[in-house]
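Each chain, letter by letter, is given below.
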Amino acid sequence: WAFYYGNDPAGASSAWEAAWKRDADFPNGANISELIVTQFNKGLKAVRSDTYDLSAAKAARDDIYRMWVVSYLRAALKYLELAESSYDEKAHAEGYAYFLPIIGLVHAKSPEASKKLEDALDITKMSIGAGTYCAAKAAAEAAYPALGLSCGSVGDFKDAVITTCPCSGSTGILSAGVGPVTAVNGTGTDVTCTPPETTAAPPE
């Protein structure tokens, strides 16, 4: 959670902020920036000694992965749509960059969808051809069941100009985790580990 939210009190310039922005872009989908907190709580509770539950920890991990896919897939689709409807190299680059964090997760469940999105967002392109967005979107939606997602969890880009390919699959939602866990009263001493000094090998 610390790396996801960052050290800014408002989560500025963090991965969490990216999820929050995409929640606003896809208002009829899952509210990932709030929902994912409950899964981090669930995972934390599951790995504490007095409430240890390996199965629950793995379930929370997998739900967090799914929520990451939702956020970055939303970004990829949003910027692909913008780049096709009125080409803009910045939007194209953003779509490509946002897809990269999840390309492995998507490929593991659907190599076809991963390849379709990767090709659609190919950063070497100088334009996005007509129909690219709908074809890539359809490929992603076909992979929703394997990814544990649905039309309802991803939602619709509210400012889309291309509206000829609405999602027609299931409308299921992602599951919530748990509320805040109790604080730990720490009594131990902080331990700082200092790596041993090493001597660089002489060049050959």
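Refer to the preceding data block for the structure.
Given the structure is predicted, the values throughout are model-derived calculations rather than measurements.

(A) Representation of the packing of aromatic side chains. Inspection of the entire model under this criterion finds eleven aromatic pairs. Ring centres 5.3 Å apart and planes at 65° place the aromatic pair Trp1 and Phe40 in the edge-to-face group. Of this pair, Trp1 sits in the segment before α1 (2-5) while Phe40 sits in helix α3 (residues 32-47), and the two are 39 residues apart along the sequence. Judged by its relative accessible area of 39%, Trp1 is partly exposed. The buried category is assigned to Phe40, whose relative accessible area is 19%. In textbook terms, an aromatic cluster arises when at least three aromatic residues are bridged by ring pairs, as seen for Trp1, Tyr4, Tyr5, Trp16, Trp20, Phe40, Tyr65 and Trp68.

(B) Just the pattern of salt bridges, in detail. One pass over the structure, following the stated rule, counts nine salt bridges. In this structure, the salt-bridge partner of Arg61 is Asp62, at a minimum N-O distance of 3.0 Å. Exposure remark for Asp62: the relative accessible area of 28% places this residue in the partly exposed category. One network of salt bridges, with partners in common, ties together Arg22, Asp25 and Lys78.

(C) Expanded view of the nonpolar core. In terms of nonpolar packing, the biggest core is built from 41 residues, with Ile32, Leu149 and Leu174 touching the most fellow members. Those elements that place two or more of their residues in this core are α1, α2 (15-25), α3, α4 (54-85), α5 (89-99), α7 (111-120), α8 (132-142) and α9 (144-147). In contact with Ile32, other than residues within four places in its own chain, are Ala19, Asp23, Met67, Val70, Ser71, Arg74 and Leu174.

(D) Fine view of α4. Counted at 1.5 Å a residue, the expected span for α4 with its 32 residues is 46 Å, and the 47 Å between its end C-alpha atoms agrees. Its side-chain oxygen placed 3.2 Å from the backbone nitrogen of Ser55, Asp53 serves as the N-cap of α4.

(E) Fine view of the state of the cysteines. This model, assessed by the stated rule, comprises two disulfides. Through a disulfide, Cys134 is tied to Cys165; the S-S separation comes to 2.2 Å. Across the S-S bond linking Cys134 and Cys165, the dihedral sits near -75°, which makes this disulfide left-handed. Of this pair, Cys134 sits in helix α8 while Cys165 sits in the segment after α10 (151-154); the two residues are 31 residues apart in sequence, bridging distant segments of the chain. Assessed through its relative accessible area of 18%, Cys134 is described here as buried. When its relative accessible area of 15% is taken as the criterion, Cys165 is described as buried. Here Cys151 engages in a disulfide with Cys167; their sulfurs sit 1.7 Å apart.

Basis of the calculations
Residues numbered from 1 in each chain as written. Predicted model: local features only at pLDDT ≥ 70, side-chain atom pairs only at ≥ 80, totals over all residues. Heavy atoms only, no water. Phe/Tyr/Trp six-rings, centres within 6.5 Å; stacked < 30°, edge-to-face > 60°. Helix = DSSP H or I, 4+ residues; strand = E, 2+ residues; numbered from the N terminus. Buried < 20%, exposed > 50% of the residue type's maximum accessible area, 1.4 Å probe, protein only. Salt bridge = Lys/Arg side-chain N within 4 Å of Asp/Glu carboxyl O. Core = buried A, V, L, I, M, F, W, Y, C linked by side-chain atoms within 4.5 Å. Contact = heavy atoms within 4.5 Å. Expected span 1.5 Å × (residues − 1). Polar contact = N/O pair within 3.5 Å; in protein donor to acceptor, adjacent residues only side chain to side chain. Disulfide = S-S within 2.5 Å.

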